[in-house]
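Per-entry structural report
Listed below, chain by chain, are the residues.
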Amino acid sequence: MTALETNYPEPDEEVTVALVEQLLRDAGHYRSLEQWQWVRSGSSSLVIIAGNAAVRVARDVESATEVQRAQRVVDALPPLTFAVPRSLAPARSLAGVTAIAVERVAGEPHPAEPADPRTLRSLLDEIHDIPLDSLRPHLAPARAFFGGADWYDVMQQRVIPALPESVRQIARRRTDALATLETPKLALNHTDLGGTNIHWSAGRVVGVLDWDLACEEDPAEDLAALANWHGWELAEQLADADTVRRAAVFRDLFPMMIVAFALLRNRPEHEVQRTVERASHKLMR
């Protein structure tokens with residue numbers, strides 16, 4: 001079955017229902033089918049929310065491996081001042097479908113507008129201070145979203161040729177700027193720190209979701225994502241001047257990263273073209 005909303009592949013619905021029911025029982029959070037909320041926007045998994053539990057259902061065999069790896073990252077995180085979606089029960093598989101029941105994180109996403117800079121800086125510092133030793137075996141490769149170790153070749157050979165000639169020189173300069181960027185110290189990087197992945201309540205951060213691409217990387221990438229959501233005018237209040245400078249290099253490449261993601265995951269042609277058009281417009285600005 002294919003999700004109408006995303007065109008991502010979906011596992012058999014009958015198998016999915018049986019698997020989720022079993023996982024909810026395992027976790028002690030059983031809710032009947034009519035109480036479930038289905039969220040189909042994720043590229044690697046669909047999520048079923050049932051009470052205080054959320055079940056991630058991998059879309060295919062490859063995604064199953066990645067979803068389980070990412071969950072090991074979450075479960076290895078130390079106690080934090082905010083919640084993360086830790087496992088409620090061991091993963092299960094049924095008829096080739098794999099799923100994991102995790103804690104549902106409370107709170108709501110913050111609108112795409114400024115937030116308290118002290119809260120945002122505290123969040124960045126807390127994540128980047130997490131010790132890496134126990135996490136390294138489970139982390140994603142750096143820059144996995146747009147090619148991983150091959151990201152530069154992906155940009156040069158696939159993304160830039162897909163762009164209009166009028167913006168290719170700009171794209172090349174921005175690609176080279178990231179390739180030559182010197183990073184003083186690597187840290188745990190969430191890599192998608194913004195939007196719906198940060199949950200707030202009463203003016204404070206209460207949860208952080210989606211650690212799938214967490215890696216050892218320049219903390220400037222997280223700053224770029226956070227400032228991109230809450231407003232770049234806050235950036236100088238969230239980190240030192242050198243980190244802000246490096247974050248601007250990541251920010252400038254964001255439009256091309258989206259194109260790379262679409263190309264690498266063989267998204268439909270109309271979707272790729274839409275990302276190209278948006279990237280071209282942003283590069284011209």
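Residues numbered from 1 in each chain as written. Predicted model: local features only at pLDDT ≥ 70, side-chain atom pairs only at ≥ 80, totals over all residues. Heavy atoms only, no water.

1. As for unusual backbone geometry
- Positive phi outside glycine occurs at Ala202, with the angle close to 50 degrees.
- As for its position among the elements, Ala202 is in the loop between strand S8 (198-201) and strand S9 (204-208).
- In this model, Asp210 sits at a positive phi of 55 degrees, which is unusual for a non-glycine residue.
- Secondary-structure assignment places Asp210 in the loop between S9 and strand S10 (215-217). (Helix = DSSP H or I, 4+ residues; strand = E, 2+ residues; numbered from the N terminus.)

2. Let's talk about the UniProt feature "domain: Aminoglycoside phosphotransferase" (unreviewed entry) in the chain
- As annotated in UniProt, the feature "domain: Aminoglycoside phosphotransferase" (unreviewed entry) corresponds to residues 52-240 in the numbering used here.
- Along residues 52-240 the backbone is 35% helical and 17% strand, and the end-to-end C-alpha distance reaches 38 Å. (UniProt positions renumbered as here; feature names shortened; annotations may be inferred.)

3. Some words on the pairing of strand S2 (residues 45-50)
- The buried fraction of S2 amounts to 5 of the 6 residues, a majority that puts the element mostly inside the structure.
- Direction of pairing for strand S1 (residues 37-39) relative to S2: antiparallel, over a ladder of 3 bridges. Residue pairing in the sheet places Val39 in a bridge with Val47 of S2.
- What sits between S1 and S2 in their antiparallel hairpin is a turn of 5 residues. (Buried < 20%, exposed > 50% of the residue type's maximum accessible area, 1.4 Å probe, protein only. Pairing = 2+ DSSP bridges.)

4. A look at the side chain of Asp218
- With respect to the secondary-structure elements, Asp218 resides in the loop between S10 and helix H6 (220-230).
- Of the polar contacts made by the side chain of Asp218, one reaches the backbone nitrogen of Ala220; its length is 2.9 Å.
- The contacts of Asp218, once residues within four sequence positions are left out, are Leu181, Thr183, Leu186, Asn189, Arg246 and Phe250. (Polar contact = N/O pair within 3.5 Å; in protein donor to acceptor, adjacent residues only side chain to side chain. Contact = heavy atoms within 4.5 Å.)

5. Re the nonpolar core
- With 61 residues, the main nonpolar core has Phe82, Met155, Leu188 and Trp211 as its most contacted residues.
- When residues in this core are grouped by element, the largest group, 12 residues, is from helix H7 (residues 241-264).
- Discounting chain neighbours no more than four positions away, the residues touching Met155 are Phe146, Ile160, Pro161, Thr175, Leu253, Met256, Met257 and Ala260.
- In terms of nonpolar packing, the next biggest core, distinct from the first, is built from 18 residues, Leu46, Ala50, Val55 and Ala101 among them. (Core = buried A, V, L, I, M, F, W, Y, C linked by side-chain atoms within 4.5 Å.)

6. Focus on H6
- Counting buried residues in H6 gives 9 out of 11 residues, a clear majority hidden from the surface.
- Those residues of H6 not exposed but buried are Ala220, Glu221, Asp222, Leu223, Ala224, Ala225, Leu226, Ala227 and His230.
- Elements that come into contact with the buried residues of H6 comprise helix H3 (117-128), strand S7 (187-189), S8, S10 and H7.
- Of the residues flanking the end of H6, it is Gly231, one or two places downstream, whose phi is positive at about 115 degrees.

7. Here's the deal with the pattern of salt bridges
- Tallied over the full model, the rule gives 15 salt bridges.
- Taking the shortest distance from any N to any O, the salt bridge between Glu66 and Arg69 comes out at 3.1 Å. With Glu66 and Arg69 both in helix H2 (residues 61-76) and 3 residues apart, the pair spans about one turn of that helix.
- Residue Glu66 is classed as partly exposed on the basis of its relative accessible area, which comes to 37%.
- With a closest N to O distance of 3.4 Å, Asp116 and Arg118 form a salt bridge.
- What makes Asp116 partly exposed here is its relative accessible area of 28%. (Salt bridge = Lys/Arg side-chain N within 4 Å of Asp/Glu carboxyl O.)

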